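Residue-level listing of the chains:
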Amino acid sequence: MGKIRARKQLRKAHRYLGLFIGIQFILWTVSGLYFSWTDIDEIHGDHLRKPAAPVAFENLVSPTALDSTLTIRSVALREINETPYYWVNDNLLYNAQTGEQKEEITEEEALSIASKHMADHLEVAGVTRITSAGKHHEYRERLLPAYVVRYKGDDAIKAYISTNDGTFQTVRHRDWRWFDFLWMTHTMDYESRDDINNWLLRAFSVLGLITVLSGFVLWYISSPTLRKLKKKRK
């Protein structure tokens, strides 16, 4: 009787565990299939971009001549609408030919930058400026404020350009958004979407392992074939 009761309890535990984590198993499987059948370069939007042509500049002023009170820790050269700029200390923008400081890029300059990076066949639908992006925003954890250049078409393509230094940040489109959503369900990180070491994922992984192992145990103690083999050995 004890073995029969234990077997029933194991079946019941296995059944309820399967029901509890079954939906997550489906999400893991669906997202895994999507990841394996998609081209990661297309997800990144490489097919929507073109290589930016290098530009050479002359008559650049020395960064040390920009401001006598400025302590330069880092400097990088930026090209905005065919004009060179110094990006100093990751927060100040100076015209590299005149030495004048620039607050931020304009909407027209953002369009010019986007046109140098995005494919020529794309048609602009509009431009907006954003100052914040939440944890689930497609532009999360990138430089703000930013201009969002929207393009016509069913893919809802958007290009993001930092207003502070004029750098082309990223491109987003429909397939990337599907990938991002399924990645969230795959990692079970429903806050930032990118933490694969969260406790929810760990807990469901352990429960999934227990469910599979309990299934093997049930098969072992319930298999008629194994019972016959045991009787023959006896």
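Residues numbered from 1 in each chain as written. Predicted model: local features only at pLDDT ≥ 70, side-chain atom pairs only at ≥ 80, totals over all residues. Heavy atoms only, no water.

Undergrad: For this particular structure, what's the right way to read the side chain of Glu 109?
TA: Mapped onto the elements, Glu 109 comes out in helix H3 (residues 107-117). The residues touching Glu 109, leaving out its near neighbours within four places in the chain, are Ile 80, Asn 81, Tyr 85, Lys 102 and Glu 104. (Helix = DSSP H or I, 4+ residues; strand = E, 2+ residues; numbered from the N terminus. Contact = heavy atoms within 4.5 Å.)

Undergrad: Just to check I follow, could you spell out the nonpolar core for this structure?
TA: Within the largest apolar cluster, 21 residues are counted, with the highest numbers of intra-cluster contacts made by Met 118, Tyr 151 and Ile 161. For this core, the secondary-structure elements that each account for two or more residues are strand S2 (83-88), H3, strand S6 (146-151), strand S7 (158-162) and strand S8 (168-172). Sequence-distant contacts of Tyr 151, that is, excluding residues within four places in its chain, are made with Ala 114, Met 118, Leu 122, Glu 123, Val 124, Ala 125, Ile 157 and Ala 159. Core analysis: the next-biggest nonpolar cluster, separate from the first, contains six residues, Leu 66, Leu 70, Tyr 86 and Tyr 94 among them. (Core = buried A, V, L, I, M, F, W, Y, C linked by side-chain atoms within 4.5 Å. Buried < 20%, exposed > 50% of the residue type's maximum accessible area, 1.4 Å probe, protein only.)

Undergrad: Would you explain a negative patch on the surface in this entry?
TA: Where like charges cluster on the molecular surface, the negative patch consists of Asp 39, Asp 41, Glu 42 and Asp 46. Here Asp 39 is to be found in the loop between helix H1 (2-37) and helix H2 (40-43). (Patch = residues over 30% accessible without salt bridge, like charges linked within 9 Å, V, L, I, M, F, W, Y side chains within 5 Å. Areas by Shrake-Rupley, 256 points an atom, 1.4 Å probe, with all protein chains shown as cover. Salt bridge = Lys/Arg side-chain N within 4 Å of Asp/Glu carboxyl O. Lys, Arg positive; Asp, Glu negative; His and termini not counted. Charge placed at Lys NZ, Arg CZ, Asp CG, Glu CD.)

Undergrad: So what exactly am I meant to see when it comes to the confidence of the model for the chain here?
TA: Residues shown with low pLDDT carry predicted positions that ought not to be read at fine detail. Here the chain averages 87 in pLDDT, and 91% of its residues register 70 or above. Within the chain, the element-level pLDDT minimum falls on helix H6 (residues 224-233), averaging 65, and the maximum on S6, averaging 98. (pLDDT = per-residue confidence, 0-100.)

Undergrad: What is the right way to look at the sheet that holds S7 in this model?
TA: Backbone-to-backbone hydrogen bonds join strands into a sheet, with any given pair of strands oriented parallel or antiparallel. Pairing is antiparallel across the open sheet formed by four strands, whose spatial order is S5-S6-S7-S8. Each edge of the open sheet is held by one strand with a lone partner, namely strand S5 (124-130) and S8. Averaged over all adjacent pairs, the angle separating strand axes in this sheet is 20°, with direction ignored. In this structure, S5 lies alongside S6, joined through six bridges in antiparallel fashion. In the strand pairing of S6, Val 124 is matched with Tyr 151. Contacting S5, S6, S7 and S8, H3 runs over the sheet at an angle of about 60° to S6. (Pairing = 2+ DSSP bridges. Axes fitted to C-alpha atoms, helices over the stretch in contact; angles between N-to-C directions.)

Undergrad: Looking at this structure, I do not really get the sheet that holds S2. What am I missing?
TA: Spatially, four strands are ordered S1-S2-S3-S4 in an open sheet, and the strand pairing comes out antiparallel. Because the sheet does not close on itself, it has two edges, and the strands there are strand S1 (75-80) and strand S4 (101-102). Of the strand pairs in this sheet, strand S3 (residues 92-95) and S4 are connected by two bridges, and their pairing is antiparallel. Bridge pairing in S4 links Leu 93 to Lys 102.

Undergrad: Quick question: what am I supposed to make of the pairing of S8 here?
TA: Note on strand geometry: in a regular strand, side chains alternate between the two faces of the sheet. Among the five residues that make up S8, five are buried, leaving the element largely enclosed by the rest of the structure. Pairing of S7 with S8 involves four bridges; the strand directions are antiparallel. Counterpart to Lys 158 in the pairing with S8 is Arg 172. Between S7 and S8, which pair antiparallel in sequence order, lie five residues; one of them, Gly 166, sits at a positive phi of approximately 75°.

Undergrad: Sorry, what's going on with the packing of aromatic side chains here?
TA: Centre-to-centre distance and the angle between the planes together describe a pair of aromatic rings. Applying the stated criterion across every chain, the model contains five aromatic pairs. With a centroid separation of 5.6 Å and an interplanar angle of 35°, the aromatic rings of Phe 25 and Trp 28 are classed as tilted. In this pair, Phe 25 and Trp 28 are both assigned in helix H1, three residues apart and thus about one turn of the helix distant. A relative accessible area of 18% places Trp 28 in the buried class. Look at Tyr 34 and Phe 179: their rings are 6.5 Å apart centre to centre, the planes differ by 55°, and that puts the pair in the tilted class. Taken together, the residues Tyr 34 in helix H1 and Phe 179 in helix H4 (residues 174-187) connect sequence positions 145 residues apart. A residue is classified by how much of its surface remains accessible, and Phe 179, at 17% relative accessible area, is buried. By the ring-pair criterion, three or more aromatic residues cluster together here, those being Tyr 34, Phe 35, Phe 179 and Trp 183. The ring of Trp 176 carries Arg 172 above its face, with NZ or CZ at 3.8 Å from the centroid. Directly above the aromatic system of Trp 199 lies the positively charged group of Arg 202, at a separation of 4.5 Å from the ring centroid. (Phe/Tyr/Trp six-rings, centres within 6.5 Å; stacked < 30°, edge-to-face > 60°. Lys NZ or Arg CZ within 6 Å of the ring centre and 35° of its normal.)

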